[in-house]
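# Secondary and tertiary structure notes
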Amino acid sequence: MEIFHVHTYRCGHAENVPDEEYVKKAVSLGADEIWFTDHAPFPGDPFGSRMNYAQLDEYLSTLFSLKQKYTEIRIHIGLEAEYFPGFDKSGYYDYLRSLDKPEILLLGQHMAEMPGTPHAYSFSESREYLDENEYRLLGNAILQGIRSGHFYAVAHPDRIFRRCNEWTEDMENISIKIIQAAADAGMPLEMNLSSVESPELYRKEFWRLVPENAKRITGFDAHSVDQMEYRFNEAAVRLREFRPF
Ligand SMILES: [Zn+2]
Ligand SMILES: [Zn+2]
């Protein structure tokens, strides 16, 4: 079994332990592979909840040493990042992909650049505005991110609806677009084991629209060693939620 989507202490909202503790636990659980995808920094550090840009080299080189030290498990190095058109234009995703150590970028759209306004972001909008519009902003950013060709998989696609109560036709339409765009790009949709533990983050209505043969990946989204272990042991049970057939 592979453990995909693990964070590290550098993001500031994960357990403060060395990366090696995740590797040791993954080995003891009998996992074959572990994928680190901590939140990617952006130049100038405009966002919180992630490592500083200056820590990127150290993140990559620390994981690279662990990769060389542990032969009993395959360690993969990735970064979880939002898609922002402004940073695409300035070549940042190309830069990240040109580095030799990161193997993948995971598209995790936690916020969005405001349309037509580079360097203005959804988190600056009012709560009322976001309650109504956040899923459209995040959904459109995901579509652009999928089409950009920079990313390997779509993390927690159903989380864009975290502020929505009633399921609407518009939500259904944007879900269908995301599912179709991912299929066209050959990108897996992530069934996020953290989302399924929180009623507002997991949307069964979204997963009902995903065809049985669509590419999927299981994401742990672990922010602590205990979470990783818990989700490893619970995965079989939790994953049933994502397959409403
Ligand atoms: Zn996080
Ligand atoms: Zn994550």
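Residues numbered from 1 in each chain as written. Chains lettered and ligands numbered in written order. Predicted model: local features only at pLDDT ≥ 70, side-chain atom pairs only at ≥ 80, totals over all residues. Heavy atoms only, no water.

Another point: the overall build of the protein. From N to C terminus, the protein includes eight helices and seven strands. Since a compact globule built from 245 residues should have a radius of gyration of about 18 Å, the 17 Å found for the protein is in line with a globular shape. Expressed as a percentage of the 245 residues in the protein, the buried residues total 53%. Contacts spanning at least 24 positions in sequence make up 77% of the contacts within the protein whose residues lie at least 6 apart. Here the protein has roughly 11200 Å² of accessible surface; of this, 46% comes from carbon and sulfur atoms. Positive and negative charge centroids in the protein, built from 26 and 40 side chains respectively, lie 2 Å apart. (Helix = DSSP H or I, 4+ residues; strand = E, 2+ residues; numbered from the N terminus. Rg over C-alpha atoms; globule rule 2.2 N^0.38 Å. Buried < 20%, exposed > 50% of the residue type's maximum accessible area, 1.4 Å probe, protein only. Contact = heavy atoms within 4.5 Å. Areas by Shrake-Rupley, 256 points an atom, 1.4 Å probe, with all protein chains shown as cover. Lys, Arg positive; Asp, Glu negative; His and termini not counted. Charge placed at Lys NZ, Arg CZ, Asp CG, Glu CD.)

The final tally for this structure, using the stated rule, is 15 salt bridges. For the salt bridge of Arg127 with Asp131, the shortest nitrogen-to-oxygen distance reads 3.8 Å. Of the two residues, Arg127 and Asp131 are both situated in helix α5 (residues 127–148); the distance of four residues between them amounts to about one turn of the helix. By relative accessible area, which is 33% here, Asp131 ends up partly exposed. If you follow the salt bridges from partner to partner, you end up with Arg127, Asp131, Glu134, Arg162 and Arg163 in one network. (Salt bridge = Lys/Arg side-chain N within 4 Å of Asp/Glu carboxyl O.)

Further remarks concern the confidence of the model for the protein. Looking at the protein as a whole, the pLDDT averages 97, with 100% of positions reaching at least 70. The element-level mean pLDDT for the protein is lowest in helix α3 (residues 85–89), coming to 96, with strand β5 (residues 153–154) highest at 99. (pLDDT = per-residue confidence, 0-100.)

Turning to the nonpolar core, a few remarks are in order. With 72 residues, the main nonpolar core has Ile3, Ile34, Phe36, Tyr59, Ile146, Leu189 and Met228 as its most contacted residues. By residue number, the principal contributor to this core is α5, which donates eight residues. Core analysis: the next-biggest nonpolar cluster, separate from the first, contains seven residues, Phe4, Leu106, Ala153 and Ala155 among them. (Core = buried A, V, L, I, M, F, W, Y, C linked by side-chain atoms within 4.5 Å.)

Glancing now at the coordination of the zinc ion (ligand 2). Every protein donor of the zinc ion (ligand 2) is accounted for by His5 (NE2), His7 (NE2), Glu80 (OE) and Asp221 (OD), and the metal-donor separations fall at 2.0 to 2.4 Å. Around the zinc ion (ligand 2), the four donor atoms sit at angles spanning 81 to 173°, and that spread fits a shape best called irregular. Within one chain, the residues donating to the zinc ion (ligand 2) are spaced in sequence as H-x1-H-x72-E-x140-D. If you look at the zinc ion (ligand 2) and the zinc ion (ligand 1), they sit 4.6 Å from each other. Of the two residues, His5 sits in strand β1 (residues 2–6) while Asp221 sits in the loop between β7 (216–219) and α8 (225–238), which places them 216 residues apart along the sequence. What makes Asp221 buried here is its relative accessible area of 3%. (Donors = N, O, S within 2.8 Å, 3.2 Å for Na, K, Ca; no water. Tetrahedral: all angles 85-135°; square planar, octahedral: opposite > 155°, others 65-115°.)

Note on placement: Asp226 falls in helix α8. Note on Asp226: relative accessible area 58%, which makes it exposed. Sequence-wise, Asp226 and Tyr22 are 204 residues apart; in three dimensions their C-alpha atoms are separated by 9.2 Å.

Further remarks concern the packing of helix α1 (residues 19–29) against helix α2 (residues 56–69). Running from N to C, α1 and α2 point in directions that differ by 30°, and their axes come no closer than 10 Å. Our pair here, α1 against α2, has a crossing hand that is right-handed. Across from Asp19, Glu20 and Val23 in α1, the residues of α2 making contact are Thr62, Leu63, Leu66 and Lys69. Taken together, the residues of the contact of α1 with α2 break down into three nonpolar, one polar and three charged. (Axes fitted to C-alpha atoms, helices over the stretch in contact; angles between N-to-C directions. Left-handed = near helix turned anticlockwise from the far one by under 90°. Nonpolar A, V, L, I, M, F, W, Y, C, P; charged D, E, K, R; others polar.)

Turning our eyes to something else, we now look at the coordination of the zinc ion (ligand 1). The protein atoms that coordinate the zinc ion (ligand 1) are His13 (NE2), His39 (NE2) and His223 (NE2), at distances of 2.0 to 2.1 Å. Each donor residue of the zinc ion (ligand 1) belongs to the same chain, with the gaps between them written as H-x25-H-x183-H. According to the relative accessible area criterion, His39 is buried, its value standing at 6%.

Attention now goes to α5. For α5, spanning 22 residues, the distance from its first C-alpha to its last is 29 Å, which sits close to the expected 32 Å at 1.5 Å a residue. Approximately 65° is the largest bend angle found in α5, and it occurs at Asn133. Those residues of α5 that sit buried are Leu130, Asn133, Glu134, Tyr135, Leu137, Leu138, Gly139, Ala141, Ile142, Leu143, Gly145 and Ile146. Those residues of α5 that are buried lie in contact with β4 (104–107), β5 and α6 (169–185). Note on α5: the residue one or two positions beyond its end, Gly149, has a positive phi of about 80°. (Expected span 1.5 Å × (residues − 1). Bend = angle between axes of the 7 residues up to and from the residue.)

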